[in-house]
Amino acid sequence: MSKDAVDSAQAVAPAQAAATPADAGDAGYSKDLKARHINMIAIGGAIGTGLLLGAGGRLHNAGPALALAYLVCGVFAFFVVRALGELVLYRPSSGSFVSYAREFLGEKGAYVAGWMYFLNWSTTGIADITAIALYTHYWSFFTSIPQWVLALIALAVVLSVNLISVKIFGEMEFWFAIIKVATIVGFMLISIFLLATHHKVGGHTPGLNVITDHGGVFPHGLMPVVLVMQGVIFAYAALELVGVAAGETAEPEKVVPRAVNSIMWRVGLFYVGSVVLLALLLPGSVYSADESPFVTVLSKIGVPAAGDVMNLVVLTAAMSSLNSGLYSTGRILRSMAMAGSAPKFTARMSRTQVPYGGILLTCAVCVLGVGLNYLMPSQAFEIVLNVASLGIISTWVIIMICHMIFVRRARAGLVTRPHFRLKGSPVTEIVTIAFLLVCLGMMWNDPDVGRKTILLIPVIAVMLVGGWFALRRRASANTDKDLSQLTK
């Protein structure tokens, strides 16, 4: 429904409008997520396999300058979450950015935002269950079990947790995040000790000399740093979960600003700080995409079972990501279904106030991923990871466009901006959108996977157009119905 329609409806019947959710998909949810859940969901969204595992290969390719890449991408990621946080305080919604796209871009905008986000998380879910199966194979006890069986077991476990209640989801994410934070903090303390004592690591004395003696900050030039940006952006995917989770907390106006503001220093501490320490301990050439950089360092100083511990942590990170994907797509699809732009069954809510229809649809796509693990176990992860990046970049772009329109309407006196704001509009949004599109374009430089992913964009566009023509009558009817209910 357009914002103008909502404004006129509220003018006719303010009492009725106040009692009716602006997004029909928001009705029926519990408010069981506490401040600690939201804060740890924010941390969990900022820390994942992109750092715990992916930083190794990126350090090898880009060298110490990877810290700058994480910093730059982290700033833009913060802009996106800050913009979303402002929209959340304007109107909390479990439909999150899809609900805001409906208000500021119309149902077509919500349709594109929702299904691209579904593409992101459903393919990320496939990547997650693939990663879980690969990590589990690390231990010899599981090597005889086929990869697709382990993937199916992981999916069944996380699905069961998601279907119980939002409180269980929040608790699971809370402890997943605790494990990740404790691991990184522990590693950073060990690294600082190694630097302070000049303890040799793999034959190298840690310090600035490790960087200066091996090509400096940009050992391979600027281009490798530019090329890793797309992967770094994906490492920050899931930060927008704060907006979705805010619809199921009792006091979003208190919880959300604190969670969003904390993201910036956490990014600086965990991502940039960790990469700087890694670069000071060992040359970039020592790190590998096949091994967590934390394992590389710890194994060089003889820490027993370092590989086992870190493998367990990255396994936890992948489980956390899968858990978050099922949670968020369930809420997003319900918002869309209530507006008529998603299948009707995805609007269904369980007795425990869980939108199980949308969760099961995402799970069904992940089951296809189990099949992909059966057919192409060695290629499954890389294929779906690149497709997921299309979804996250489009989601962030839509959030910034919605915020731009929101600010414009606020300046026209149609809406009121909360005190918690993204500064510098519209320049901040425009620069962020341009940066994200450049990151997308840089995928063309990867002929093996990235270029093929970009060539999928016209295919996805055709599928979106076809889907809209199939659903537009029901979407239009639902919009008219919502408006008539508000104006009664």
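Predicted model only: the values in this text are computed from it and were never measured.

K.L.:
Before we move on, could you go through the overall build of the chain and cite the residues and values that matter?
P.N.:
On a plain count of helices and strands, the chain comes out with 22 helices and 0 strands. Out of the 488 residues in the chain, the part that is buried amounts to 59%. Once local pairs closer than 6 in sequence are excluded, the contacts in the chain between residues at least 24 apart make up 80%. Carbon and sulfur atoms make up 67% of the accessible area of the chain, which totals about 19,200 Å².

K.L.:
So, the pattern of salt bridges: which residues are in play, and what are the values?
P.N.:
As a working rule, side chains carrying opposite charge can pair if their charged atoms are close by. Under the counting rule described, the total for this entry stands at 3 salt bridges. Among the salt bridges present, the one from R91 reaches E103, with a minimum N-O distance of 2.7 Å. Of this pair, R91 sits in the loop between α6 (66–90) and α7 (96–105) while E103 sits in helix α7, and the two are 12 residues apart along the sequence. Summarising the burial analysis for this pair, R91 and E103 share the class buried. The partner of E107 in a salt bridge is R102, with the nearest N and O atoms 2.7 Å apart. Each member of the pair, E107 as well as R102, carries the same accessibility label: buried.

K.L.:
Hey, could you go over the nonpolar core for me, with residue numbers and the actual values?
P.N.:
Grouped together as the largest cluster of nonpolar side chains are 163 residues, with contacts concentrated most on Y70, W115, Y236 and W396. The dominant element in this core, judged by the number of residues it contributes, is helix α19 (residues 380–411), at 17 residues. Those residues in contact with Y70 that lie beyond four places of it in its chain are G50, L51, A55, R58, V232, A235, Y236, V267, Y271, V272 and V275.

K.L.:
Give a detailed account of the packing of α7 against helix α17 (residues 306–338), specifying residues and quantitative values.
P.N.:
Contact pair α7 / α17: the axes reach a minimum separation of 8 Å and the direction vectors enclose 30°. The orientation of α7 with respect to α17, classified from their angle, is roughly parallel. Across the interface between the two elements, S96, F97, V98 and R102 from α7 touch I332, S335 and M336 from α17. Class assignment of the residues belonging to the contact of α7 with α17 gives a composition of 4 nonpolar, 2 polar and 1 charged.

K.L.:
Account for a nonpolar patch on the surface, naming residues and giving values.
P.N.:
Where nonpolar side chains cluster on the molecular surface, the patch consists of L68, L71, V217, F218 and L222 and spans about 430 Å² of accessible area. With respect to the element layout, V217 can be found in the loop between α11 (208–212) and α12 (223–227).

K.L.:
With reference to specific residues and values, describe the confidence of the model for the chain.
P.N.:
Summary statistics for the chain give a mean pLDDT of 82 and a share of 88% for residues scoring 70 or more. Taken element by element, the predicted model of the chain shows its lowest mean pLDDT in helix α2 (residues 14–19) (36) and its highest in helix α20 (residues 427–441) (93). Taken together, the stretch residues 1–20 has pLDDT below 50 and engages in 31 contacts with residues farther than four places along the chain or on a different chain. In the model, residues 482–488 has pLDDT below 50 throughout and makes 15 contacts with residues more than four positions away in sequence or in other chains.

K.L.:
I'd like to hear about helix α5 (residues 55–62), residue by residue, with values.
P.N.:
Residues three or four positions apart in an α-helix share a direction because the helix packs 3.6 residues into each turn. Taken across its 8 residues, α5 has 6 buried, putting it largely inside the fold. If you check which residues of α5 are buried, you get A55, G56, G57, R58, L59 and A62. Each element contacted by the buried residues of α5 is listed here: α4 (49–52), α6, α12, α13 (229–235), α15 (252–281) and α16 (293–300). A positive phi of about 75° marks G63, the residue just after α5.

How each quantity is defined
- Residues numbered from 1 in each chain as written.
- Predicted model: local features only at pLDDT ≥ 70, side-chain atom pairs only at ≥ 80, totals over all residues.
- Heavy atoms only, no water.
- Helix = DSSP H or I, 4+ residues; strand = E, 2+ residues; numbered from the N terminus.
- Buried < 20%, exposed > 50% of the residue type's maximum accessible area, 1.4 Å probe, protein only.
- Contact = heavy atoms within 4.5 Å.
- Areas by Shrake-Rupley, 256 points an atom, 1.4 Å probe, with all protein chains shown as cover.
- Salt bridge = Lys/Arg side-chain N within 4 Å of Asp/Glu carboxyl O.
- Core = buried A, V, L, I, M, F, W, Y, C linked by side-chain atoms within 4.5 Å.
- Axes fitted to C-alpha atoms, helices over the stretch in contact; angles between N-to-C directions.
- Parallel < 35°, antiparallel > 145°, perpendicular 65-115°, else oblique.
- Nonpolar A, V, L, I, M, F, W, Y, C, P; charged D, E, K, R; others polar.
- Patch = residues over 30% accessible without salt bridge, like charges linked within 9 Å, V, L, I, M, F, W, Y side chains within 5 Å.
- pLDDT = per-residue confidence, 0-100.

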